[in-house]
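Topology and contacts: notes
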Amino acid sequence: MKVINGIDNYSSKKKSIITIGTFDGIHVGHEKVIRTLVKESLSKNLLANILTFFPHPRMVLNKDSEIKLIDTIKEKEKKLKNLGVNTLIIHPFTKEFSRMSSIEFTRDILIKKLNVYKIILGYDHRFGKNRESSVEDLIQLGIAYNFKVEVIDAKKINSINISSTKIRKAIQTGDVNKANLYLGKYFEINGNVVKGKGIGKKIGFPTANIIIKENYKLIPNKGVYLIKAKIKNRSYYGMMNIGNRPTLNGKNETLEVNIFNFNENIYGKSLSIFFLNKIRNEIKFDSIEKLSNQLQKDKDYCKVLINKF
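Below you will find a few notes about this structure. (Residues numbered from 1 in each chain as written. Predicted model: local features only at pLDDT ≥ 70, side-chain atom pairs only at ≥ 80, totals over all residues. Heavy atoms only, no water.)

**Quick word on a negative patch on the surface**
Side chains of Glu-104, Glu-132, Glu-136 and Asp-137 sit close together on the surface and give a patch of like negative charge. The exposure class assigned to Glu-104 is partly exposed, which follows from its relative accessible area of 32%. (Patch = residues over 30% accessible without salt bridge, like charges linked within 9 Å, V, L, I, M, F, W, Y side chains within 5 Å. Areas by Shrake-Rupley, 256 points an atom, 1.4 Å probe, with all protein chains shown as cover. Salt bridge = Lys/Arg side-chain N within 4 Å of Asp/Glu carboxyl O. Lys, Arg positive; Asp, Glu negative; His and termini not counted. Charge placed at Lys NZ, Arg CZ, Asp CG, Glu CD. Buried < 20%, exposed > 50% of the residue type's maximum accessible area, 1.4 Å probe, protein only.)

**A look at helix α10 (residues 288-306)**
Taking 1.5 Å per residue, 19 residues should reach 27 Å; α10 reaches 27 Å between its end C-alpha atoms and fits that length. Regarding α10, the residues found buried are Leu-291, Ser-292, Gln-294, Leu-295, Asp-298, Lys-299, Cys-302, Leu-305 and Ile-306. Seen along its axis, α10 keeps its buried residues to an arc of 165 degrees; they face one direction. Facing away from the buried side of α10 by over 90 degrees, the exposed positions are Glu-289, Lys-297 and Val-304. At its buried positions, α10 is contacted by β13 (223-231), β14 (234-243), β15 (254-259) and β16 (270-280). (Helix = DSSP H or I, 4+ residues; strand = E, 2+ residues; numbered from the N terminus. Expected span 1.5 Å × (residues − 1). Arc of directions from axis to C-beta. Contact = heavy atoms within 4.5 Å.)

**Notes on the environment of Val-135**
Within the secondary structure, Val-135 sits in helix α6 (residues 135-145). The sequence separation of Val-135 and Glu-150 amounts to 15 residues, and the corresponding C-alpha distance is 8.9 Å.

**Brief notes about the packing of helix α5 (residues 102-111) against α6**
Between α5 and α6, the shortest axis-to-axis distance is 11 Å and the interhelical angle comes to 55 degrees. Regarding the angle of α5 to α6, the classification is oblique. As α5 runs across α6, the sense of the crossing is right-handed. Contacts from Ser-102, Ile-103, Thr-106, Arg-107, Leu-110 and Ile-111 in α5 reach Leu-138, Leu-141 and Tyr-145 in α6. Tallied by class, residues from the contact of α5 with α6 come to six nonpolar, two polar and one charged. (Axes fitted to C-alpha atoms, helices over the stretch in contact; angles between N-to-C directions. Parallel < 35°, antiparallel > 145°, perpendicular 65-115°, else oblique. Left-handed = near helix turned anticlockwise from the far one by under 90°. Nonpolar A, V, L, I, M, F, W, Y, C, P; charged D, E, K, R; others polar.)

**Focus: a nonpolar patch on the surface**
Side chains of Tyr-123, Ile-139, Ile-143 and Val-151 sit close together on the surface and give an oily, nonpolar patch of about 350 Å² of accessible area. Relative to the assigned elements, Tyr-123 resides in the loop between β5 (116-122) and β6 (126-127).

**A closer look at the sheet that holds β13**
Overall, antiparallel pairing links the six strands, which are arranged β11-β12-β15-β14-β13-β16 in a closed barrel. This sheet shows a mean twist of 45 degrees between the axes of neighbouring strands, independent of strand direction. Sheet topology note: the strand β11 (residues 188-194)/β16 ladder contains five bridges and is antiparallel. Paired with Gly-191 across the strands is Leu-271, a residue of β16. Taken strand by strand, α10 contacts β13, β14, β15 and β16, and its axis lies near 95 degrees from that of β16. (Pairing = 2+ DSSP bridges.)

**Some words on the pairing of strand β2 (residues 16-20)**
Summarising burial for β2: five of the five residues are buried, a large majority. What you see with β2 is no split at all: Ser-16, Ile-18 and Ile-20 on one side and Ile-17 and Thr-19 on the other are buried throughout. As judged from the five bridges shared by β2 and strand β3 (residues 47-54), these two strands associate in the parallel manner. When the bridges of β3 are listed, Ser-16 appears paired with Leu-47. Considered for its hand, the β-α-β crossover made up of β2, helix α1 (residues 28-44) and β3 is right-handed. The pairing of β2 with β5 spans three bridges and is parallel. What sits directly across from Ile-17, in β5, is Lys-118. (Right-handed = clockwise from strand over helix to strand, strands pointing away.)

**Considering the side chain of Thr-72**
Tracing the sequence through the fold places Thr-72 in the loop between α2 (57-61) and α3 (73-82). In this structure Thr-72 touches Glu-214, Tyr-216 and Lys-217, once residues within four positions along its chain are discounted.

Here's what the structure looks like:
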């Protein structure tokens, strides 16, 4: 999969079938659209392309927005590559770009730049200045500019339409089970291991402290989670604490993972963490000893849960 930064840097004489959107999370609804895109592009020997935007439009158009994203750019790239997309075009979203009318977008971007044969979109897609146009408008533009439009119905689970907004809310409340169901995969974070204060090791629970460089990345709410850690293409179960470590009078939020059956030096290494289940909320204990006892209970409970995954 080619990754192109900016529409102006894309060029191909070959016609493309494309889909457009922010695609935060690449959830099962997104996958329904993308799999349709890839399947048809292969059958017609056309390119399967995705046009997405960064920063997220809400970050640009609403400066007061505190939106965090389910995926970093790199995480999004990995997921789309695995789905068989030919080209991912990441266009900078700016206020100037947002003022482009739907007709200008269709004529100058879809036709002149992307050489579009067909567009496949979710049922609720809107585009153009102030999101002025709907898929019905795009269908009419397709007639005028000679391209096809296909609309994919909403993907439903338990009669609920799936959206990135609903997944973000689930993650923010620690309901990783719901988030994973909607995503169709485990919610993940990726970061580097840095040195901590070594307190976990002293009480029998050594932890890898994780730093995520992308400050826009969504982090689950405070608490203890059963996780799977991927290090050097090997996977291990473990438990992760997200919080301020109140028992230790911590002030800053930390991400600490205790990896089961693992004893290697991984300082400076990259680590992928997949969230399987929330164990409990963060608690302040009266002593380090009580914290250690609770961590052992957490670990025992995690090992029982592992059999379900």
